[in-house]
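Residue-level listing of the chains:
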Amino acid sequence: MNVNFLKNISIGLGVKIGRMKKIKQVIILRNDIGMTSGKMCAQAAHASIAVILNRMNSFRFFAFANFTKQMLFWMKYSFTKVVVTCDSEEELIKYHKLAKSEKIPTSLIFETEYKKPCKVCRGSKNLIVGFDKVPITEPCYACDGKGYEITSLFTAAAIGPDYSDEIDKITKELRLL
């Protein structure tokens, strides 16, 4: 990559390339809810772009969005992303709040119609009940025979883009996906 070219462009951003710290975004996905790999990819994409869209929310034009210098540099040059996992919704929310308290751009993704196996029939869609040794199969009363319950939950979060060392203070103990 032509460093002189980057130096010239970076002057407009107020960033010095020669001494620029690394910038990245960390995406946290929950591993306790059994998302398929396709669902995980979609949630990671939602989390990543939501950080940018949240900054544009109160502006009509992209050019006037409230982006930090780190965000501008990240969008223009690197787009470095790291995907990690956490073990619960509480843990996901904890990391999101930590990032907010450090004034690091962050997003939290809420899935409104997440299907999880029914706790009563365990996804079989039917209950086997019987008296006098005669089994009768009838639809599960908890999920109406669908085999799943529709619930709402947080599935992913994105922290950054910001300086890598600042994000690492928050996410260093999380496992890579």
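As shown above, the structure is provided for reference.
Residue numbers here run from 1 along each chain, matching the order of that chain's written sequence. In keeping with the model being predicted, local features are shown solely for residues with a pLDDT of at least 70 and side-chain atom pairs are shown and tallied solely at 80 or more, while totals for entire chains, interfaces and linings include all residues. Side-chain numbers come from the whole structure's heavy atoms, not from hydrogens or water.

A. The overall build of the protein chain, seen in detail. Helix and strand assignments follow DSSP, with helices taken as H or I runs no shorter than four residues and strands as E runs no shorter than two, numbered in order from the N terminus. Within the protein chain, the secondary structure is distributed over five helices and seven strands. We call a residue buried when its accessible area falls under 20% of the maximum for its residue type, exposed when it is over 50%, and partly exposed in between, using a 1.4 Å probe and counting protein chains only. Relative to its 177 residues, the protein chain shows a buried fraction of 39%. For the protein chain, contacts bridging at least 24 residues in sequence account for 75% of all contacts bridging at least 6. Of the accessible surface of the protein chain, which amounts to about 11,100 Å², a share of 55% is contributed by carbon and sulfur atoms. Two residues qualify as a contact provided that any one of their heavy atoms is within 4.5 Å of a heavy atom in the partner residue. Per-residue and other accessible areas follow the Shrake-Rupley method at a 1.4 Å probe size, with only the shown protein chains counted as cover for residues.

B. Layout of the nonpolar core. As used in this record, nonpolar core signifies buried Ala, Val, Leu, Ile, Met, Phe, Trp, Tyr and Cys residues forming a set joined through side-chain atoms within 4.5 Å. Membership of the largest hydrophobic core comes to 22 residues, with the highest contact counts inside it found for I27, L29, A47, I52 and F67. Elements that contribute at least two residues to this core include exactly β1 (23-30), α2 (37-56), α3 (69-78) and β6 (148-163). Core analysis: the next-biggest nonpolar cluster, separate from the first, contains 13 residues, V26, I104, A157 and L174 among them.

C. Up close: the packing of α2 against α3. For the pair α2 and α3, interaxial distance at closest approach is 12 Å and the crossing angle is 130 degrees. In terms of their interaxial angle, α2 and α3 are classed as oblique. For the element pair α2 and α3, the recorded crossing hand is left-handed. Packed against α2, whose contacting residues are S48, V51, I52 and R55, the element α3 presents M71, W74 and M75 at the interface. For helices, the axis comes from a line fit to the C-alpha atoms of the stretch in contact; other axes are also lines fit to C-alpha atoms, and the angle between any two N-to-C directions lies between 0 and 180 degrees. Roughly parallel covers angles under 35 degrees, roughly antiparallel covers those over 145, roughly perpendicular covers 65 to 115, and oblique covers all other angles. Here a crossing is called left-handed whenever its near helix is offset anticlockwise from the far helix by less than a right angle, and right-handed whenever the offset is clockwise.

D. Spotlight on the packing of aromatic side chains. Side-chain rings of Phe, Tyr and Trp (the six-membered ring for Trp) are treated as a pair once their centres are within 6.5 Å; stacked means planes under 30 degrees apart, edge-to-face means over 60, and tilted covers the remaining angles. Per the counting criterion, the structure on display carries three aromatic pairs. Seen in terms of ring centroids, F73 and Y77 are 4.6 Å apart; in terms of plane orientation they differ by 50 degrees. Their pairing is tilted. In this pair, F73 and Y77 both sit in helix α3, four residues apart, roughly one turn of the helix. Summarising the burial analysis for this pair, F73 and Y77 share the class buried. Pairing F110 with F154 gives two aromatic rings, centres 5.1 Å apart and planes at 65 degrees, and the pair type is edge-to-face. In this pair, F110 is assigned in strand β3 (residues 106-117) and F154 in strand β6, connecting sequence segments 44 residues apart. Note on F154: relative accessible area 23%, which makes it partly exposed. Above the plane of the ring of Y163 lies K21, whose end atom (NZ or CZ) is 5.0 Å from the centre. Distance and angle both matter: a charge sits over a ring if NZ of Lys or CZ of Arg is within 6 Å of the ring centre and within 35 degrees of the ring normal.

E. Spotlight on the environment of F154. The spacing of F154 and L92 is 62 residues in sequence and 7.8 Å in space, taken between C-alpha atoms. Contact partners of F154, with chain neighbours within four places excluded, come to R30, E89, L92, I93, L108, I109 and F110.

F. Representation of the environment of L53 within the structure. Within the secondary structure, L53 sits in helix α2. Here L53 falls in the partly exposed class, since its relative accessible area comes to 45%. In the structure, L53 is positioned 54 residues away from S107 in sequence and 9.5 Å away in space, judged by C-alpha atoms.

G. Here's a closer look at helix α5 (residues 164-171). Among the residues of α5, S164, I167, I170 and T171 are the ones counted as buried. For α5, the buried positions fall inside an angular range of 125 degrees around the axis, keeping them on one side. Its buried side turned inward, α5 meets β1, α4 (89-101) and β6. By construction, the arc corresponds to the directions joining the helix axis to the C-beta atoms.

H. Quick look at the side chain of Q70. Structurally, the position occupied by Q70 is in helix α3. Judged by relative accessible area, Q70 falls into the buried class, the value being 15%. Beyond its immediate sequence surroundings of up to four residues, Q70 is in contact with I23, P161, D162 and Y163.

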